[in-house]
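# A structural walkthrough
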Amino acid sequence: MRMVFAAVLAAAALPLAACGSSSSEPSPGAASSQAVPMVTAVPAATAPVTGLGTVIEKPDSPPELCLGPVRESWPVQCEGIALSGWDWTANPPDAQTDAGSPLTRWGVYAVDGTFDGATLTVTGAVSLALYDPMAEPSTPPAAPPDLSVAEWDAVEVAVRAVPGLISIDRADGADPLKVTVVHDDGTIQQWADQSFGSGAVVITSALR
């Protein structure tokens with residue numbers, strides 16, 4: 001495990017921005033042990049999913065579902081995943097710009113659909129104020145491994161290359177790195193567990 005971990009951290013230290021790579025490559029010094037390959041694209045969903053967030057339609061752009069932060073301007077601003085089949089008649093916007101200006105409209109919804117890794121094809125939606133989710137069972141996360149400050153920093157560098165990254169957070173030195181992505185079918189979490197040790201990184205899928 002340590003050799004795999006070292007290989008991933010060595011890869012993270014490479015100038016990723018310069019080469020445009022989003023995958024971890026094994027370190028030449030890692031002997032026969034190789035880093036577990038990171039997925040290179042947001043995984044598609046094999047079953048229907050639900051996303052909670054802001055649906056926004058900007059001038060000359062298709063509707064998007066923003067699963068991360070929304071900038072509180074007028075109109076609001078955010079970037080999200082493309083929506084196919086969105087209907088403002090069935091789901092009236094919460095707000096929109098004046099009719100005399102380029103129209104931007106938006107609202108906050110729970111959106112059901114199928115996800116191919118890039119586009120959410122809508123099968124249903126409800127205002128988030130009316131959404132009543134079922135409680136999901138949860139299991140306590142594994143205790144994080146004992147890593148140095150430099151190793152934790154390197155883990156974060158590696159995780160920032162995860163496709164569909166929305167947010168990264170770590171409350172204090174005793175907590176794991178908490179990561180939210182657009183969608184994970186389990187392969188991103190598996191990569192993190194095998195690369196850095198179980199409990200080091202907790203992946204949450206925004207589309208569930």
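Residues numbered from 1 in each chain as written. Predicted model: local features only at pLDDT ≥ 70, side-chain atom pairs only at ≥ 80, totals over all residues. Heavy atoms only, no water.

### Points about helix 3 (residues 149-159)
Residue pairs spaced three or four apart in an α-helix point in one direction, given the helix's 3.6 residues per turn. Taken residue by residue, helix 3 has W152, A154, V155, A158 and V159 as its buried positions. Buried positions in helix 3, seen along its axis, are confined to an arc of 160° and lie on one side of it. In helix 3, the exposed positions that point more than 90 degrees away from the buried face belong to V149 and A150. (Buried < 20%, exposed > 50% of the residue type's maximum accessible area, 1.4 Å probe, protein only. Helix = DSSP H or I, 4+ residues; strand = E, 2+ residues; numbered from the N terminus. Arc of directions from axis to C-beta.)

### Re the nonpolar core
If you look at the biggest cluster of nonpolar residues, it comprises 19 residues, and the most contacted ones within it are V155, V159, V162, V179, W191, F196 and V201. Contributing elements (two or more residues each) for this core: helix 3, strand 8 (177-181), helix 4 (187-196) and strand 9 (201-205). Ignoring anything within four residues of it in the chain, the contact list for V179 reads V159, L165, S167, I168, V201, V202, I203 and T204. Judged by nonpolar contacts, the second largest core, of 17 residues, contains A45, L83, W88 and Y109. (Core = buried A, V, L, I, M, F, W, Y, C linked by side-chain atoms within 4.5 Å. Contact = heavy atoms within 4.5 Å.)

### Thoughts on the pattern of salt bridges
For side chains of opposite charge, pairing can occur when their charged atoms come near one another. Scanning the model with the defined rule gives 4 salt bridges in all. We note a salt bridge from R105 to E57, for which the minimum N-O separation is 3.2 Å. With R105 in strand 5 (residues 105-115) and E57 in strand 1 (residues 49-57), this pair connects stretches of sequence that are 48 residues apart. The residue K58 makes a salt bridge to E64 at a minimum N-O spacing of 3.4 Å. Take E64: its relative accessible area is 13%, and that puts it in the buried class. Here the salt bridges share partners, and the residues they tie into one network are K58, E64 and E79. (Salt bridge = Lys/Arg side-chain N within 4 Å of Asp/Glu carboxyl O.)

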